[in-house]
Amino acid sequence: MKKRKVEIAPSILAADFRYLEREVKAAQDGGADWIHCDIMDGVFVPNISFGPMVVEAVKKCITIPLDVHLMIAAPQKYIMQFCDAGADNLTVHADAVESLPDVFDAIRARGVNVGVTVNPDKPISLFEHYLDRVDLVLIMSVYAGFGGQKFMPEVLEKVSALTDRRRLGDLAFSIEIDGGINAETAARCIDAGVDILVSGSCIFGSSNYRSTIEHLRNAGKDRLS
Ligand code: DX5
Ligand code: ZN
C-alpha cells in the first residue's frame, strides 16, 4: 500500500487581483500543484469573472500547470482561445455542450488535457459513457458561480461512484473537487478518493499560503490507499 499524493489547485477567484502576479507566484512557491482559473460568463452562471487575456497573463507568471474551468455557455466556441492562452487542462460542464465527444476531441487536438464536470444537482450519467476519453472529472461541491460557498457533502457519493467506475473499468482519469474546501472538508474528500482539491478562499484568504496548502494536502494524511 502506498500513500496517495493529494494535489492542491488554488483558485485565483479569491486572489487579490491588484497583485495577481504576486498572488499566483506565492501560491506556486507555497507548493501549489496547479493554478485553477474560473471562467464565468454571466450566462451559464450568474456571475462574470475573467477571460482568456487573464489566463494568458497568469500563464506567464507560473511554471506549474494551469487548470481552466469553463463555466460558460457554448464552450465549444472558445476552446481554441483558452488552449492558446495556455490552459494545460480544460474542463467543460457536460450540460453546456451539445456534443461532448466533439468538444473533447477539439480540446485534445490542441494537446490539452480534457476535463468534464457537472453542478451538484446534475448526475454523472451525463458524461459517464465518456470516462475513457477524459483526463479529469471535476466534482462541483457547490453550485458553480461564486467562491466562498458552503461545501455540499452529498456530492461525495459521486466521488465514490467514480472511484468504483475507475477501478472496475481500469480507467485513468483523476478526480478533482471544487467548492467549499477547507481542512475539515478536505479530509472527507480525500477519504472518498479525491485526487485534487481546488481551494479559493481558504488559501487566498489565509496569511500563509504555504502552510494552508500543506494543511489541506495533509488533511487526510493517515489514510492509505
Ligand atoms: C465556483 C468555482 C470555484 C471557487 C472555489 O464556481 O468553480 O473554483 O473559486 O472557491 P472556494 O474555495 O472559495 O469555495
Ligand atoms: Zn472552479
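Check the entry above for the structure.
Residues numbered from 1 in each chain as written. Chains lettered and ligands numbered in written order. Predicted model: local features only at pLDDT ≥ 70, side-chain atom pairs only at ≥ 80, totals over all residues. Heavy atoms only, no water.

Participant: Give a detailed account of the overall build of the protein chain, specifying residues and quantitative values.
Facilitator: When its secondary structure is counted, the protein chain shows 8 helices and 8 strands. A compact globule built from 225 residues should have a C-alpha radius of gyration of about 17 Å, and the protein chain, at 16 Å, falls within 12% of that. Viewed in the frame of its principal axes, the protein chain has a C-alpha envelope of about 45 × 40 × 30 Å. Here the protein chain, with 225 residues, has 52% of them falling under the buried criterion. (Helix = DSSP H or I, 4+ residues; strand = E, 2+ residues; numbered from the N terminus. Rg over C-alpha atoms; globule rule 2.2 N^0.38 Å. Buried < 20%, exposed > 50% of the residue type's maximum accessible area, 1.4 Å probe, protein only.)

Participant: Requested: an account of the environment of Phe104, with residues and values cited.
Facilitator: One can find Phe104 in helix H4 (residues 100–109). Given a relative accessible area of 1%, Phe104 falls into the buried group. It is 9.3 Å that separates the C-alpha atoms of Phe104 and Tyr130, two residues lying 26 residues apart in sequence. What Phe104 contacts, discounting residues up to four positions off in sequence, is Val92, Val114, Gly115, Val116, Tyr130, Arg133 and Val134. (Contact = heavy atoms within 4.5 Å.)

Participant: Can you tell me about the coordination of the zinc ion (ligand 2), naming the residues and giving the values?
Facilitator: For a metal bound by four donors in tetrahedral geometry, the ideal donor-metal-donor angle is 109.5 degrees, whereas six donors in octahedral geometry ideally sit at 90 or 180 degrees. Distances from the zinc ion (ligand 2) to its protein donors, namely His36 (NE2), Asp38 (OD), His69 (ND1) and Asp178 (OD), fall within the range 2.0 to 2.3 Å. For the zinc ion (ligand 2), the 6 donor atoms in the first shell make angles of 67 to 166 degrees at the metal, a pattern classed as octahedral. Counting the intervening residues between successive donors of the zinc ion (ligand 2) yields the motif H-x1-D-x30-H-x108-D. Taken together, the residues span a long stretch of sequence, with His69 in strand S3 (residues 66–71) and Asp178 in strand S7 (residues 174–178) at a distance of 109 residues. For His69, a relative accessible area of 1% corresponds to the buried category. (Donors = N, O, S within 2.8 Å, 3.2 Å for Na, K, Ca; no water. Tetrahedral: all angles 85-135°; square planar, octahedral: opposite > 155°, others 65-115°.)

Such coordinate-based values are descriptive only and should not be taken to indicate function.
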